[in-house]
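Here is how the chains run, residue by residue.
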Amino acid sequence: QQDRLFLACYSRALALAGAKMLNYDDSDLMLQLANQVILSERNIHNFYFHEYRVPDTDIKGPACLAYCSHILQRAALGTQAEALAALLVSLWIDREVGNHVRRYADLDNPYFRWIESSSGEAYSMLVDKAVELADLKASDAGEEETQKIFESFIISGRYEYCFWDDAHNQQA
């Protein structure tokens with residue numbers, strides 16, 4: 001459930017970041033990512049929630065709430081580069097974890113739908129484009145903004161760790 005709640009927030013933050021982009025292609029990329037999150041992850045969640053009879057909740061756990069607050073704040077109030085830095089962590093880690101797990105997962109792994117989605121070529125290409133865009137936006141930053149970009153990325157990394165740790169320990 002926490003992943004569903006986070007991804008609803010995450011797709012909003014991606015769309016907010018997309019609205020900030022001055023270039024049509026940059027905006028389009030962010031909106032494609034938001035759409036990918038909404039469509040593919042929603043289908044995966046619906047399958048798992050039905051299959052495992054997961055009860056519905058709208059209450060975010062501490063890690064989910066903090067992470068959502070951070071990325072929405074950076075997407076709404078930060079620069080383009082700060083927003084991208086905050087948002088990039090989840091995309092990148094999901095892809096890397098998906099690729100790693102795919103190497104070792106059996107086809108009958110109960111989470112293979114998620115593994116396949118996170119390690120797919122189309123998703124990987126979107127992540128690569130997001131990394132390139134983040135690098136481009138950061139390359140124009142001054143010293144103060146560079147520090148804020150770094151902080152955005154590090155804070156997201158910490159929240160991402162807490163989020164995965166909560167899932168591993170079945171905390172909410």
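Heads up: the structure comes first, above all this text.
As the structure is a prediction and not an experimental result, all values here were calculated from the model.

A. Fine view of the packing of helix H1 (residues 2–20) against helix H2 (residues 24–51). Relative orientation of the contacting elements H1 and H2 amounts to 165 degrees, with a least axis distance of 8 Å. Between H1 and H2, the interaxial angle falls into the category roughly antiparallel. Of the two elements, H1 crosses H2, and the hand of that crossing is left-handed. Contacts between H1 and H2 involve Asp3, Arg4, Leu7, Tyr10, Ser11, Leu14, Ala15, Ala17 and Gly18 from the first element and Ser27, Met30, Leu31, Leu33, Ala34, Val37, Ile38, Glu41, His45 and Phe49 from the second. A breakdown of the residues in the contact of H1 with H2 according to their chemical character gives twelve nonpolar, four polar and three charged.

B. Here's a closer look at the nonpolar core. Core analysis: the biggest nonpolar cluster contains 34 residues, and Phe6, Tyr10, Leu14, Met30, Leu33, Ile71 and Leu87 have the highest contact counts within it. Contributions of two or more residues to this core are made by H1, H2, helix H3 (62–77), helix H4 (80–104) and helix H6 (121–139). No other element matches the eight residues that H1 contributes to this core. Non-local contacts of Ile71, meaning those with residues more than four positions away in its chain, are made with Phe6, Cys9, Tyr10, Ala13, Ala86, Leu87 and Ser156. Counting residues in each nonpolar core, the second largest holds five residues, with Tyr48, Ala105, Trp114 and Ile115 among its members.

C. Molecular detail of the pattern of salt bridges. On inspection of all chains with the given rule, the structure shows seven salt bridges. Between Lys137 and Asp26 there is a salt bridge, and its shortest N-O distance comes to 3.3 Å. Taken together, the residues Lys137 in helix H6 and Asp26 in helix H2 connect sequence positions 111 residues apart. When its relative accessible area of 14% is taken as the criterion, Asp26 is described as buried.

Rules of the game
- Residues numbered from 1 in each chain as written.
- Predicted model: local features only at pLDDT ≥ 70, side-chain atom pairs only at ≥ 80, totals over all residues.
- Heavy atoms only, no water.
- Axes fitted to C-alpha atoms, helices over the stretch in contact; angles between N-to-C directions.
- Helix = DSSP H or I, 4+ residues; strand = E, 2+ residues; numbered from the N terminus.
- Parallel < 35°, antiparallel > 145°, perpendicular 65-115°, else oblique.
- Left-handed = near helix turned anticlockwise from the far one by under 90°.
- Contact = heavy atoms within 4.5 Å.
- Nonpolar A, V, L, I, M, F, W, Y, C, P; charged D, E, K, R; others polar.
- Core = buried A, V, L, I, M, F, W, Y, C linked by side-chain atoms within 4.5 Å.
- Buried < 20%, exposed > 50% of the residue type's maximum accessible area, 1.4 Å probe, protein only.
- Salt bridge = Lys/Arg side-chain N within 4 Å of Asp/Glu carboxyl O.

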